[in-house]
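Residue strings, one per chain:
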Amino acid sequence: MVFTRDLRVIDNPALVAACQSENVSCLFVLDNRILASSTSSPKRVQFLHEALHDLRSSIEERQAHLEIREGEWLKEVCRYLEETLPQHVHIADDHSSYAKNRLNLLETWCESQSIALHRHPGVTVVEPGAVQPGSGGEYKVFTPYWRAWSLVPKRAVLPAPKTIGDSSSHEVVSHSAQLHLDPGITKGGESHGQERLSRWLRDGIARYGGARDFPAIDGTSSLSPYLHFGCISPLQVVILAQQFDDSEAFIRQVVWRDFYAQILDFHPEASQHDYRSRGDDWVYCHEEFQAWVNGTTGFPLVDAGMRQLKSDGLMHNRVRMVTASFLIKDLHQDWRRGARYFMSQLIDGDVASNYLNWQWVAGTGTDANPHRILNPATQAKRFDPTAVYIRKWVPELAELSPMDALDPTSATRALTGYPQAIVDHRERTQIFKQRRSRS
Ligand code: FAD
């Protein structure tokens, strides 16, 4: 059983299939290419280590061992298979070009060794390609996808295997990588994910529709990192949520995750290239990009979001939209640059959800409107009306009244040390619209 981003024992189809055999060896390889990439986030790696620690305990409770190695992924997996000599290898299917390429290379190697490689579902609720529009390919628009997705019969949630028959753990010399854990960051792992899910269903989901857009309220599930690493199964989340009244708004959001996965599956290049080209001519201004990164643009909601991201490795969805829109439509910078910075910080950083949401905001993705612009001041008044979120993340504004924190005057900025606005929103967005109309 080769774990990738399905770090759980509950509802793990690959693990259940592997457990049909008497002897099961479990492996995870920390891929040093991913770890060394410029978009690798230390907080995400920390979360991964926690998740592996938790998974290893769950596997040990089932009288087996999780071997954790680090190195070149394919080389390490093949080396382990040469040591353990299995007839079958079970692994979850995945959808980014990098993951697909890794899987294809492993498949070719397994074929050459007469080992059967079995790919299993589990990363999404409905597998990419399981529903397709009449014209074939991927769904490009969410609502028809949501309708088709809703009609797909869902398999039952698989219970965790009671035992995992592992005869090899004592024979194999363990090369387990050292896991360094820092207790200060959102705790990774299936145990924490399951706890959070239960709490969310009990106390949160009923309020979701009304609360989800307000960053100052703890009104969303915070399940995204657990879903990204597969610490909880998206199918289990949906099946349990369906038992609650008023759960549709929440389930819809989980389906956006599947929606983007099926686009990436058909168009792996969409993490790098415009899904729908608008012929944009981007600007590369280092100072303005740094002001955005550091949360010193002088736009309180943008700065609050960027500071939250740097501190916690997370950001509320509404604020992700506002900060992304600001970089693209006010600063005229390439969505890829912003998306890569997000990836380098986010604990839930996910190729499909991150890059395709960025494209949605940029108007190069699945949103048909190329001119959608979010005004940071209006968004702040609407979604953080008493500036609780802004005052939490921008200490220069913490002591001000809500009105002053939402719209600090020049004099207040000078007094508190909060920066003047680096651009004129109206002017910059007019220019953006003119450039788009010309292209
Ligand atoms: P909830 O509101 O509780 O939603 C439940 C689950 O649904 C989430 O955990 C997530 O898995 C899924 N979901 C919700 N909204 C979306 C969405 N718009 N697209 C896809 N899935 C969604 N989400 C990521 O998981 N990883 C990313 O790297 C990521 N990058 C983003 C970048 C931008 C510019 C934007 C606008 C959004 C991005 N999102 C990303 C989507 C969304 O912001 C997060 O999933 C959400 O904020 C996570 O908080 P939550 O778990 O409390 O979400």
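Procedures and definitions
- Residues numbered from 1 in each chain as written.
- Predicted model: local features only at pLDDT ≥ 70, side-chain atom pairs only at ≥ 80, totals over all residues.
- Heavy atoms only, no water.
- Salt bridge = Lys/Arg side-chain N within 4 Å of Asp/Glu carboxyl O.
- Helix = DSSP H or I, 4+ residues; strand = E, 2+ residues; numbered from the N terminus.
- Buried < 20%, exposed > 50% of the residue type's maximum accessible area, 1.4 Å probe, protein only.
- Phe/Tyr/Trp six-rings, centres within 6.5 Å; stacked < 30°, edge-to-face > 60°.
- Lys NZ or Arg CZ within 6 Å of the ring centre and 35° of its normal.
- Pairing = 2+ DSSP bridges.
- Right-handed = clockwise from strand over helix to strand, strands pointing away.

Points about the pattern of salt bridges
(1) Moving on: For the structure shown, the criterion picks out 21 salt bridges.
(2) Moving on: Measuring nitrogen to oxygen at the nearest pair gives 2.8 Å for the salt bridge that ties aspartate 94 to arginine 5. Here the residue aspartate 94 occupies a position in the loop between strand 4 (88-92) and helix 5 (97-112), and arginine 5 occupies one in the loop between strand 1 (2-3) and helix 1 (13-18), the gap between them amounting to 89 residues.
(3) Moving on: Accessibility expressed as a relative area gives 18% for arginine 5, which makes it buried.
(4) Moving on: Two residues, arginine 155 and aspartate 11, come together in a salt bridge whose shortest N-O distance is 2.7 Å. Of this pair, arginine 155 sits in the loop between helix 6 (142-151) and helix 7 (190-204) while aspartate 11 sits in the loop between strand 1 and helix 1, and the two are 144 residues apart along the sequence.

Some remarks on the packing of aromatic side chains
(1) Moving on: Inspection of the entire model under this criterion finds 21 aromatic pairs.
(2) Moving on: Taking the centre distance of 5.7 Å and the plane angle of 90 degrees together, the rings of tryptophan 200 and tyrosine 208 count as edge-to-face.
(3) Moving on: Given a relative accessible area of 6%, tryptophan 200 falls into the buried group.
(4) Moving on: Here a set of aromatic residues connected by ring pairs shows up, and it is made of Tyr139, Phe142, Tyr145, Trp146, Trp149, Trp256, Phe259 and Tyr260.
(5) Moving on: Lying over the aromatic face of tryptophan 149, lysine 154 brings its terminal NZ or CZ to 4.2 Å of the ring centre.

Points about the pairing of strand 4
(1) Moving on: Buried residues dominate strand 4, accounting for 4 of its 5 residues.
(2) Moving on: Relative to strand 5 (residues 116-120), strand 4 runs parallel, the two sharing 5 bridges. Its bridge partner lying in strand 5, histidine 90 is registered against histidine 118.
(3) Moving on: As a crossover connection, the stretch from strand 4 through helix 5 into strand 5 is right-handed.

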